[in-house]
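Each chain, written out:
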Amino acid sequence: MRIYTSISDFHSHCRPVVTVGVFDGVHKGHLEILNRLITSASENHCESAVITFEPHPRLVLGNVSDVRLLQSLDEKIERFREAGIDILLVIPFDTAFSTLTPSDFIKNVLVDKIMISKVIMGYDHFFGRDRMGDFTLLEEMGAQYDFTVEQVEPIEHCHQIVSSSAIREALLEGNVARANCLLGYKYSIRGRVVRGNQIGKLIGFPTANIQPYDKHKLIPSLGVYASQIKWNGNVYQGMSNIGIRPTIDANRLTVEVNIFNFSEEIYSEAISLYFLERIRDEKRFGGLEQLKEQLFKDQIEVARFFENLGSKN
């Protein structure tokens, strides 16, 4: 996959088939669009191209504190590459670009610069200034500038329409199983292991405290989760906790994981934490001894989860 970060640098040996969007999460619904894009490009004997934006437009136009993203740009790139896309154009999004009208975006970018032959778009996609661009406008301008347009219908999976907002809602409810079903893969957080207060180690449950690389990454609901951990090319099982650790009055959100059968020193190391199942809510206990007793119970339940998971595979 070729990656361009400037419209002026974009190049294709033919008139590509394109899709345009933020694609936060690159979920099951997005994959339907990407698969149709690739098929259509093959039918037209040309290349498939995805056009996306960085940073997320809401980080430029909205209330930044309210933005919670499912993926970083690097994670998106991985998913596009795995899908088999030929070209990725990442357009730098700023206030100047946001003023571009839908018609100007189609004419100046898609037609004059990209020289598209076809646009594949999702059923709920709007674009351009004030999100006024839509399927109808694309069809009208396609007739004028010699390109076709195809709209992909919504995809239902896990008994609901797949969307980034539905996935965010599931994660904020702690329903990571549903979120993973809609995504088509395990939701994860990537970050660096930082030093904590050592309370976990003191009571026999040492944890790796994770500082997410992306400060806008969506953190699932508070609670204890069955998790997988990827470090140094290896995958481990463990139980993670998202919370403010009320028992010790920490009052600061932390993401930490107790990795089973693990004794490596990994401070400052890069780590990926995958969420598989929520085990319980975060609770306040009367003291460290009660917390320790609960962690033993959690460990047994998480181990049972992985045992049942293994028997299904």
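Structure: above.
Residues numbered from 1 in each chain as written. Predicted model: local features only at pLDDT ≥ 70, side-chain atom pairs only at ≥ 80, totals over all residues. Heavy atoms only, no water.

A. The overall build of the protein chain, seen in detail. Along the protein chain, the regular secondary structure elements total 10 helices and 14 strands. Across the 313 residues of the protein chain, 50% fall into the buried class. If you sum the accessible surface of the protein chain, you get close to 15500 Å²; carbon and sulfur atoms cover 48% of it. (Helix = DSSP H or I, 4+ residues; strand = E, 2+ residues; numbered from the N terminus. Buried < 20%, exposed > 50% of the residue type's maximum accessible area, 1.4 Å probe, protein only. Areas by Shrake-Rupley, 256 points an atom, 1.4 Å probe, with all protein chains shown as cover.)

B. Quick peek at the state of the cysteines. Here the structure, examined in full by the defined rule, presents 2 disulfides. One disulfide in the model links Cys-158 with Cys-181; its S-S distance is 1.7 Å. Handedness here is read from the sign of the S-S torsion; for Cys-158 and Cys-181, about -95 degrees, the answer is left-handed. Linking Cys-158 in the loop between strand E7 (156–157) and strand E8 (160–161) with Cys-181 in helix H8 (residues 176–183), this pair joins segments that are 23 residues apart in sequence. A relative accessible area of 15% places Cys-158 in the buried class. When the cysteines engaged in disulfides are numbered in sequence order, the protein chain pairs them as 1-2, 3-4. (Disulfide = S-S within 2.5 Å.)

C. Spotlight on the nonpolar core. Counting residues in each nonpolar core, the largest one holds 31 residues, and the members touching the most others are Leu-171, Ile-259, Ile-266, Ile-271 and Phe-275. Contact partners of Ile-259, with chain neighbours within four places excluded, come to Ile-229, Tyr-236, Gln-237, Gly-238, Ile-266 and Ile-271. Core analysis: the second largest hydrophobic core is formed by 29 residues, Ile-7, Leu-89, Phe-93 and Val-119 among them. (Core = buried A, V, L, I, M, F, W, Y, C linked by side-chain atoms within 4.5 Å. Contact = heavy atoms within 4.5 Å.)

D. How the structure looks around helix H5 (residues 102–114). The terminal C-alpha atoms of H5, which comprises 13 residues, lie only 15 Å apart, well short of the 18 Å expected from a rise of 1.5 Å per residue. Looking at the buried side of H5, the elements it contacts are strand E2 (17–20), strand E3 (48–54), strand E4 (87–92), helix H4 (95–98), strand E5 (118–122) and helix H6 (135–145). Met-115 sits one or two residues past H5 and shows a positive phi near 55 degrees. (Expected span 1.5 Å × (residues − 1).)

E. Focus on the pattern of salt bridges. One pass over the structure, following the stated rule, counts 13 salt bridges. Note that Glu-75 and Lys-217 form a salt bridge whose closest N and O atoms lie 3.1 Å from each other. Of this pair, Glu-75 sits in helix H3 (residues 73–83) while Lys-217 is found in the loop between strand E10 (208–212) and strand E11 (223–231), placing the two residues 142 residues apart along the sequence. Of the residues examined, Lys-217 reaches a relative accessible area of 6% and is grouped as buried. Its salt-bridge partner being Glu-82, residue Arg-79 comes within 3.2 Å of it at the nearest N-O pair. (Salt bridge = Lys/Arg side-chain N within 4 Å of Asp/Glu carboxyl O.)

F. A look at the sheet that holds strand E9 (residues 188–194). With antiparallel pairing, 6 strands are arranged side by side around a closed barrel as E9-E10-E13-E12-E11-E14. If you compare each strand with its neighbour and ignore which way they point, the axes differ by 45 degrees on average. Across the sheet, H8 is in contact with E11 and strand E14 (270–280); its angle to E14 comes to roughly 120 degrees. (Pairing = 2+ DSSP bridges. Axes fitted to C-alpha atoms, helices over the stretch in contact; angles between N-to-C directions.)

G. Representation of unusual backbone geometry. With an omega of 0 degrees, the peptide bond between Glu-54 and Pro-55 qualifies as cis. By secondary structure assignment, the location of Pro-55 is in the loop between E3 and helix H2 (57–61). Located in the positive-phi region is Phe-23, a residue other than glycine, with phi close to 55 degrees. Mapped onto the elements of the fold, Phe-23 is located in the loop between E2 and helix H1 (28–43). Using a relative accessible area of 6% as the deciding quantity, one classes Phe-23 as buried. At Asn-261, a position not held by glycine, the phi torsion is positive, near 50 degrees.

H. A nonpolar patch on the surface, seen in detail. Together, Leu-222, Ile-244 and Leu-253 make up an exposed nonpolar region whose accessible area comes to about 220 Å². For Leu-222, the position within the fold is in the loop between E10 and E11. (Patch = residues over 30% accessible without salt bridge, like charges linked within 9 Å, V, L, I, M, F, W, Y side chains within 5 Å.)

I. The side chain of Ser-272, seen in detail. Along the chain, Ser-272 falls in strand E14. Residues within four places of Ser-272 in sequence aside, it is in contact with Ile-189, Arg-190, Gln-228, Ile-229 and Lys-230.

J. Seen up close, the packing of helix H7 (residues 164–172) against H8. At their nearest, the axes of H7 and H8 sit 7 Å apart, and the two run at 160 degrees to each other. Considered as vectors, H7 and H8 are oriented roughly antiparallel to each other. Seen from above, H7 lies across H8 with left-handed handedness. Of H8, the residues touching H7 (which contributes Ala-166, Ile-167, Ala-170 and Leu-171) are Val-176, Arg-178, Ala-179, Leu-182 and Leu-183. (Parallel < 35°, antiparallel > 145°, perpendicular 65-115°, else oblique. Left-handed = near helix turned anticlockwise from the far one by under 90°.)

K. Structural view of the packing of aromatic side chains. Counted by the stated rule, this structure contains 12 aromatic pairs. Relative to Phe-296, the ring of Phe-205 lies with its centre 5.0 Å away and its plane at 75 degrees, an arrangement referred to as edge-to-face. In this pair, Phe-205 is assigned in the loop between helix H9 (199–202) and E10 and Phe-296 in helix H10 (residues 288–312), connecting sequence segments 91 residues apart. By relative accessible area, which is 4% here, Phe-205 ends up buried. What makes Phe-296 partly exposed here is its relative accessible area of 43%. Put simply, the rings of Phe-53, Phe-93, Phe-97, Phe-105 and Phe-127 touch in pairs and so form one group of aromatic residues. Between the NZ or CZ atom of Arg-195 and the centre of the ring of Tyr-267, over which it lies, the distance is 3.9 Å. (Phe/Tyr/Trp six-rings, centres within 6.5 Å; stacked < 30°, edge-to-face > 60°. Lys NZ or Arg CZ within 6 Å of the ring centre and 35° of its normal.)

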